[in-house]
Amino acid sequence: MPEFTLRIRRYNPETGAAPYWDRYTVDLEPHRSVLEGILQVKDRFDSSIGVRCSCRAAICGSCGMTINGKAGLACHTHLSEAMSRSKDGTIEIQPLGNMPVIKDLIVDMDAVHWKKVNRVTPWLLSGDLPEREHIVPRESMVDVTQPMACIQCGSCVGDCLAMEVDPDFIGPAALAKAYRFVGDPRDVQHEQRLKDLADDPHGLYTCTHCFKCIEACPKGVAPMNQIMRLRRIAGQDHHIEDVNNGERHEEAFVVLLQKYGLLSEADVVPRSYGGNGLTGGKLSPKSGEQVFQSLPFLAKAVLRGKVKISQTLFPHKLDSESLAEVKKIYKDVKGREERLELNLYITGYDEDGDPTTSEAIPDNPNEKAGATA
Amino acid sequence: MTTRTVAYWPGCVSRGFTPELHGAMALVAPKLGLNLVQLDRGSCTGAGVLAEHNQELTDTLNGRTFALAQKVDQAEFMMNICSTCQGAQSESQERLDANAEYRHTVNHTLAQFGLSYDKGIVNKNFLWVLVEDIGLDVLKSLVVKPLTDLKVGPFYGCYIVRPVDRLGIDEDNPRDTYLPKVIEALGGTVIDYAGSHKCCGFPIITMNKEASLKQAGTHLTDGQNAGADALVTPCPLCHLNLDMQQPVAKKAVGNFDLDMPVLHLPQLVGLALGFSAKELGLNKHVVRPTKLIDWTETVVASVPA
Ligand code: SF4
Ligand code: SF4
Ligand code: FES
């Protein structure tokens, strides 16, 4: 039977002793789970290791932990898969990050994860009940099945990079839960829910778009994608201005891209703080304050020839023909009655849609790009 | 050496805030056998922010750039020099390639400009091209000034390491492990530290400045503590937060000794291929790589202990 070496982080805050690592070797087939490895260790060597588990089948959500640097379910991670991420030939097992340790691999989910989930009012606010039943379009319920697949394992929270530097950040699991109700047509408090999140400086706009929660989630919830949908709905459908200037930043970006076809970073900063009106941006007091704050490094950047002062006034720009095309695309797409979105979680991939089997750019592609206006 | 024609997407930042990146790439390309045909007519990839606003808009703009790339005569593939461009374009490509109906809608918009996107474009970051197409052995053979004793910490940028499926990261192409291989091929020493695959903080610099600067400051400090002389990144947006913001980032984490040069990937390659620090625009950085470079000789040397 193949052998695997597990390195388990041990810590018991009650004893006051510092955390340490224990190393054990187990005999198991490579397709067996890391959880089975831990349970064998408990059985054979040390029953005092603290670990939480129940279903052993990726259903209950209790065995979230960090395995070779990545959060996930121990019962849902093969030993072989864990080994493929190993740097030193061992499987390194730690508790989830961003939460206080209770003992060894057990973290305090109440103190962090559940507290945050509770902040988003995780139940349906349905207003006046209909006489019989709610009738909702099938698609909109299919749409919320993605956040509904969450089993509250906390893996996404453990790996969240924004929470690592801002512990108050509401985080991926809670925001995915928020979308579960904002996307539900039966809920009547969409706008209020979004306002609450936009008014919290550690809410909707603190996510850094790092994809960590997407990778960590064992259930395909893709919390980051739900966060982006919340932002889309808050900004465009409800025109909610948030305390982080997130909506303004996004709008600034969108407006500048439409205007120039290329992004000018020097222009995004003042606009993010000052709004996007014709006289907004560079002139508003708030943006002045921000530019002032950035002066030390901006001045250095100018000195080093990195940024030209003129850049903030005359950003680089596409040729006029291309720019006209960009503007036409904006006009056509934004003119639609409804935003067109493709959620691959729901639609899946076309049968022959595997992009990895694709061809390189064909040698003579000019022939087939024939369509005309 | 094989010469490859590539449809080259430089991105906006490399022509705006970090012109030295674009310059360095143009300099090293011929040495590496890359014939860059620049996609001058392409538009900004949206950097994730536009997709947050409107997916179809983003995918149509990126589909337009793909279609332009597919028109480049003899191009083997499309190449970019920005992790964020790679991520944003790969996201659009994933949707466009996955669903014929959706692709048709986008192509319908593009048809008015005589353009059409054919599914399956190959679009690679320069880092991937170095390892998968040029090859580490060839790269090694081109080195004229090995980066001996230079201790370099890799910094990838989120968009080029996650999500793994979308980016084609698997056992055959472990693209999230390429930076150390390139550093070694150039003769340098790899520094392993906590932040290599984390977020630089740039996406929230205007929204949660404190958290953003803490991210940058923490990774730079971790690199410093692990003994790095410099960091290298394939992402100009990471460069903005790690280099340009470093004077404020170091205050955010209370590490006032922080003085960590951050190199763009083509600059690191360029140094080993024999270009001078000045040619590669290293003098344009906010944190000057003075401790790495003897400006008279342009020999890379480590700092004496
Ligand atoms: S994408 Fe956002 S929510 Fe998800 S892990 Fe990163 S910072 Fe956290
Ligand atoms: S979103 Fe995924 S990773 Fe996060 S708690 Fe739910 S199931 Fe776990
Ligand atoms: S033990 Fe239930 S999810 Fe792992």
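Residues numbered from 1 in each chain as written. Chains lettered and ligands numbered in written order. Predicted model: local features only at pLDDT ≥ 70, side-chain atom pairs only at ≥ 80, totals over all residues. Heavy atoms only, no water.

A few words on the state of the cysteines. According to the stated counting rule, one finds zero disulfides over all chains in the structure shown. Looking at the unpaired Cys12 of chain B, the closest cysteine sulfur is the one in Cys44 of chain B, lying at 3.9 Å. (Disulfide = S-S within 2.5 Å.)

Turning our eyes to something else, we now look at the site of ligand 2. What surrounds ligand 2 is the set Cys150, Ile151, Gln152, Cys153, Gly154, Ser155, Cys156, Cys217, Pro218, Val221 and Pro223 of chain A. Its residues assigned to classes, the shell around ligand 2 shows eight nonpolar, three polar and no charged. (Near = heavy atom within 4 Å. Nonpolar A, V, L, I, M, F, W, Y, C, P; charged D, E, K, R; others polar.)

So, on to the packing of aromatic side chains. In the structure shown here, the tally under the stated rule is three aromatic pairs over all chains. For the ring pair Tyr24 of chain A and Phe45 of chain A, a centre distance of 5.7 Å and an interplane angle of 20° mean the geometry is stacked. With a gap of 21 residues between them, Tyr24 of chain A in strand β2 (residues 20–27) and Phe45 of chain A in the loop between α1 (34–44) and β3 (64–67) connect regions that are remote in the sequence. Assessed through its relative accessible area of 11%, Tyr24 of chain A is described here as buried. Centre to centre, the rings of Phe66 of chain B and Tyr117 of chain B are 5.4 Å apart; their planes meet at 45°, and the pair counts as tilted. Of this pair, Phe66 of chain B sits in helix α3 (residues 55–70) while Tyr117 of chain B sits in the loop between α5 (100–111) and β4 (123–125), and the two are 51 residues apart along the sequence. Neither Phe66 of chain B nor Tyr117 of chain B differs from the other in exposure class; each is buried. When the ring centre of Phe77 of chain B is taken as reference, the NZ or CZ atom of Lys124 of chain B above it lies at 5.6 Å. (Phe/Tyr/Trp six-rings, centres within 6.5 Å; stacked < 30°, edge-to-face > 60°. Helix = DSSP H or I, 4+ residues; strand = E, 2+ residues; numbered from the N terminus. Buried < 20%, exposed > 50% of the residue type's maximum accessible area, 1.4 Å probe, protein only. Lys NZ or Arg CZ within 6 Å of the ring centre and 35° of its normal.)

Our next topic: the sheet that holds strand β5 (residues 151–154) of chain B. Residue and element names in this part refer to chain B. Overall, parallel pairing links the four strands, which are arranged β6-β5-β7-β8 in an open sheet. In the strand order of this sheet, the two ends are held by β6 (189–190) and β8 (262–264), each with one partner. Here three bridges tie strand β7 (residues 230–233) to β8, and the two strands are oriented parallel to one another. By the bridge assignment, Leu231 is partnered in β8 with Val262. (Pairing = 2+ DSSP bridges.)

So, about the pairing of strand β1 (residues 3–10) of chain A. Residues and elements named next belong to chain A. A large share of β1 lies buried, amounting to six of its eight residues. Across eight bridges, the pairing between β1 and β2 is antiparallel. The residue of β2 that forms the bridge with Arg9 is Trp21. In the sheet, β1 pairs with strand β5 (residues 91–94) via three bridges, with the strands oriented parallel. Paired with Ile8 across the strands is Ile93, a residue of β5.

On to the interface of chain B and chain A. Listed per partner, the contact involves 91 residues of chain B and 86 residues of chain A. With both sides pooled, the region where chain B packs onto chain A buries about 7,800 Å², and carbon together with sulfur makes up 58% of that total. The three residues of chain B that bury the most area against chain A are Phe17, Glu52 and His53 of chain B, which together make up 11% of that side's buried surface. At the junction of chain B with chain A, the criterion picks out seven salt bridges. Ionic pairing is found between Arg64 of chain B and Glu325 of chain A, a salt bridge with its closest N-O pair at 2.8 Å. Taken together, the links from chain B to chain A amount to 27 residue pairs in polar contact (both at pLDDT 80 or more). Looking at the side of chain B that touches chain A residue by residue, the classes come out as 42 nonpolar, 25 polar and 24 charged. (Contact = heavy atoms within 4.5 Å. Buried area = accessible area lost by both parts, 1.4 Å probe. Salt bridge = Lys/Arg side-chain N within 4 Å of Asp/Glu carboxyl O. Polar contact = N/O pair within 3.5 Å; in protein donor to acceptor, adjacent residues only side chain to side chain.)

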